[in-house]
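# Per-entry structural report
Residues per chain, in single letters:
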Amino acid sequence: MKELVCIVCPRGCRLTVDEDNGYAVTGNSCPRGAEYGRTELQNPTRVLTTTVRVTGGVHRRLPVKTDRAIPKGMLMPAMEEVAKVSLTAPVQAGQVIIHDILGTGADLIATRALDAAD
């Protein structure tokens, strides 16, 4: 049995996941908590949030994130790909920075607009 704190909503339910009983989840207040508990033990995923370099902008870094969760084991390899990126301003919010990062189906997108420096 594994114990987890659900992060799907602010309630923070204390989950117990029974791996020997088909990943049965107890302690959840909603069905999303049960799904989180099963997924977290079988195939954990995370949304990658970080920054990329920008030249010619009002700031030198731009916040980015994946548009969907990727396998947790791929976070560091994805960060290696992100580290290779250098953008030139201007950049629009929602602009795709890396399409289908590492074949995960997730796009890395800009989370804010960044204007060019005057």
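Rules used in this analysis
Residues numbered from 1 in each chain as written. Predicted model: local features only at pLDDT ≥ 70, side-chain atom pairs only at ≥ 80, totals over all residues. Heavy atoms only, no water. Helix = DSSP H or I, 4+ residues; strand = E, 2+ residues; numbered from the N terminus. Polar contact = N/O pair within 3.5 Å; in protein donor to acceptor, adjacent residues only side chain to side chain. Contact = heavy atoms within 4.5 Å. Pairing = 2+ DSSP bridges. Axes fitted to C-alpha atoms, helices over the stretch in contact; angles between N-to-C directions. Salt bridge = Lys/Arg side-chain N within 4 Å of Asp/Glu carboxyl O. Buried < 20%, exposed > 50% of the residue type's maximum accessible area, 1.4 Å probe, protein only.

## Some words on the side chain of Thr66
Relative to the helices and strands, Thr66 resides in strand 6 (residues 61-66). One polar contact links the side chain of Thr66 to the main-chain carbonyl oxygen of Arg68, over a distance of 2.8 Å. When near neighbours in sequence (up to four residues on either side) are disregarded, Thr66 contacts Val47, Leu48, Ile101, Ala106, Asp107 and Leu108.

## Things to note about the environment of Ile109
Position of Ile109 relative to the elements: it lies in strand 10 (residues 108-110). Between the alpha carbons of Ile109 and Val85 there is a distance of 12 Å; along the sequence they are 24 residues apart. Those residues in contact with Ile109 that sit more than four places away from it in its chain are Pro63, Val64, Lys65, Asp67, Gly94, Gln95, Val96 and Ile97.

## Concerning the sheet that holds strand 1 (residues 2-5)
The sheet built from three strands is open, its strands ordered 1-2-3 with antiparallel pairing. Two strands lie at the open edges of the sheet, namely strand 1 and strand 3 (24-26), each paired on one side alone. Within the sheet, the average angular offset between the axes of one strand and its neighbour, ignoring direction, is 30 degrees. In this sheet, strand 2 (residues 14-18) lies alongside strand 1 in antiparallel orientation, the contact comprising four bridges. Across the sheet, Leu4 pairs through a bridge with Leu15, a residue of strand 2. In this fold helix 1 (residues 31-42) packs onto strand 1, strand 2 and strand 3, with an angle of close to 55 degrees to the strand it touches most, strand 2.

## What about the pattern of salt bridges?
Opposite charge on two side chains allows them to pair when their charged atoms are near. Summed over all chains, the structure comprises three salt bridges. Between Arg46 and Glu40 there is a salt bridge, with its nearest N and O atoms 2.8 Å apart. For Arg46, a relative accessible area of 24% translates into the label partly exposed. Residue Glu40 is classed as buried on the basis of its relative accessible area, which comes to 13%. One salt bridge in this structure joins Glu81 and Lys84, with 3.0 Å as the shortest N-O distance. The exposure class assigned to Glu81 is partly exposed, which follows from its relative accessible area of 30%. Among the residues examined, Lys84 registers a relative accessible area of 59% and is labelled exposed.

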